[in-house]
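So the chains spell out like this:
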Amino acid sequence: MKLVILDRNGTINAEGDEYIKSPEEWVPLPGALEAIARLNHAGFHVVVAANLEGLGRGLYDVASLNAIHTRMHKLLATVGGRLDAVFFCPHSPDEACSCRKPQPGLLEQIGERYGVDLAGVPAVGDNADDAQAAAAAGCEPHLVLTGRSAVLRGRPLPPEFPPQTRVHADLAAFVDHLISRGEPLERAPRPVPGA
């Protein structure tokens, strides 16, 4: 199975002034939905992994979150794209959970759900927490210079980014990179010990 893991805010959609609390506040970044559709058409399953602490802080409820994601899915469908699933951490930083990025727990849940080894799976986000979680889970960290990392355009990455982080202007540029390197349609199965 070919899998790509994407952050949500700042990667697929514009960051809000604070939290995205309603469907009207969820605005896709230019070209992001089309980029996801291109991944789908190239045979990739696309899953979102997002820190959504506003939920745990009571700034919006599950019904609002579902309405936001319904808007996201509908807009994606209009360009021929889809997300397989949305995984999220509702906890605030002081709750010390294992699923809030930069911890790898959310990505590990995705690996378990889909029964895939995360080694080399591209994980894309717009900040150091995303890249650190990707590296900790064994994924291939990719940074898009949108959202919180737009300020890094034309500058070297700060030291908190894993050294293997690959940098792209935006999600469309990441997709160009991934498709151009000609990934095999399926990952080779892991050899069975003793076979």
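> Can you help me understand unusual backbone geometry in this one?
What you tend to see is this: most non-glycine residues have negative phi, and most peptide bonds are trans. With an omega dihedral of 25°, the bond running from Lys 101 to Pro 102 counts as a cis peptide bond. On the secondary structure map, Pro 102 appears in the loop between strand 3 (85–89) and helix 4 (105–114). If you check the backbone angles, Ala 96 has positive phi at about 50° while not being a glycine. Judged by relative accessible area, Ala 96 falls into the exposed class, the value being 70%.

> When you look at the packing of helix 1 (residues 32–41) against helix 6 (residues 171–180) in this model, what are you seeing that I'm missing?
Two elements in contact, helix 1 and helix 6, have axes whose closest approach is 8 Å; the angle formed by their N-to-C orientations is 20°. Relative to helix 6, helix 1 is oriented roughly parallel. Helix-helix and strand crossings are classified by hand; for helix 1 and helix 6 the assignment is left-handed. Across from Ala 32, Ala 35, Ile 36, Arg 38 and Leu 39 in helix 1, the residues of helix 6 making contact are Leu 171, Ala 172, Phe 174, Val 175, Asp 176, Leu 178 and Ile 179. The residue makeup of the contact of helix 1 with helix 6, split by class, is 10 nonpolar, no polar and two charged.

> Looking at this structure, I do not really get helix 3 (residues 62–78). What am I missing?
Each turn of an α-helix holds 3.6 residues, which means side chains three or four residues apart point in the same direction. Taking 1.5 Å per residue, 17 residues should reach 24 Å; helix 3 reaches 24 Å between its end C-alpha atoms and fits that length. Residue Gly 80 follows helix 3 closely and has a positive phi angle near 85°.

> Got a minute to help me understand the pattern of salt bridges in this structure?
Once their charged atoms are close, side chains differing in charge can pair, the charge on each being opposite to the other. Per the counting criterion, the structure on display carries 10 salt bridges. A salt bridge links Arg 38 to Asp 176, with the shortest nitrogen-to-oxygen separation between them at 2.8 Å. A residue pair is termed long-range when its members are at least 10 positions apart, and Arg 38 in helix 1 and Asp 176 in helix 6 qualify at 138 residues. On the accessibility criterion, Arg 38 (33% relative accessible area) is partly exposed. Its relative accessible area of 41% is what places Asp 176 among the partly exposed residues. Counted as one network, the salt bridges with shared partners bring together Asp 7, Lys 101 and Asp 130.

> Help me out: how do you make sense of the side chain of Asn 13 in this one?
Mapping Asn 13 onto the fold places it in the loop between strand 1 (2–6) and helix 1. Setting aside residues no more than four positions away along its own chain, Asn 13 makes contact with Arg 8, Ile 20, Trp 26, Val 27, Pro 28 and Leu 29.

> Would you explain the sheet that holds strand 2 (residues 44–51) in this entry?
Sheets are built from strands paired through backbone hydrogen bonds, the pairs being either parallel or antiparallel. Judged by pairing direction, the sheet is parallel, and its six strands sit side by side in the order 3-2-1-4-5-6 without closing on themselves. Of all strands in the sheet, those bounded by a partner on one side alone are strand 3 and strand 6 (166–168). Strand-to-strand, the axes of this sheet are offset by a mean angle of 25°, without reference to chain direction. In terms of strand pairing, strand 1 meets strand 2 through five bridges, oriented parallel. Residue pairing in the sheet places Leu 3 in a bridge with His 45 of strand 2. The strands that helix 1 touches are strand 1 and strand 2; relative to strand 2, the one it contacts most, it runs at about 140°.

About the criteria used
- Residues numbered from 1 in each chain as written.
- Predicted model: local features only at pLDDT ≥ 70, side-chain atom pairs only at ≥ 80, totals over all residues.
- Heavy atoms only, no water.
- Helix = DSSP H or I, 4+ residues; strand = E, 2+ residues; numbered from the N terminus.
- Buried < 20%, exposed > 50% of the residue type's maximum accessible area, 1.4 Å probe, protein only.
- Axes fitted to C-alpha atoms, helices over the stretch in contact; angles between N-to-C directions.
- Parallel < 35°, antiparallel > 145°, perpendicular 65-115°, else oblique.
- Left-handed = near helix turned anticlockwise from the far one by under 90°.
- Contact = heavy atoms within 4.5 Å.
- Nonpolar A, V, L, I, M, F, W, Y, C, P; charged D, E, K, R; others polar.
- Expected span 1.5 Å × (residues − 1).
- Salt bridge = Lys/Arg side-chain N within 4 Å of Asp/Glu carboxyl O.
- Pairing = 2+ DSSP bridges.

All we've got here are geometric facts, nothing functional implied.
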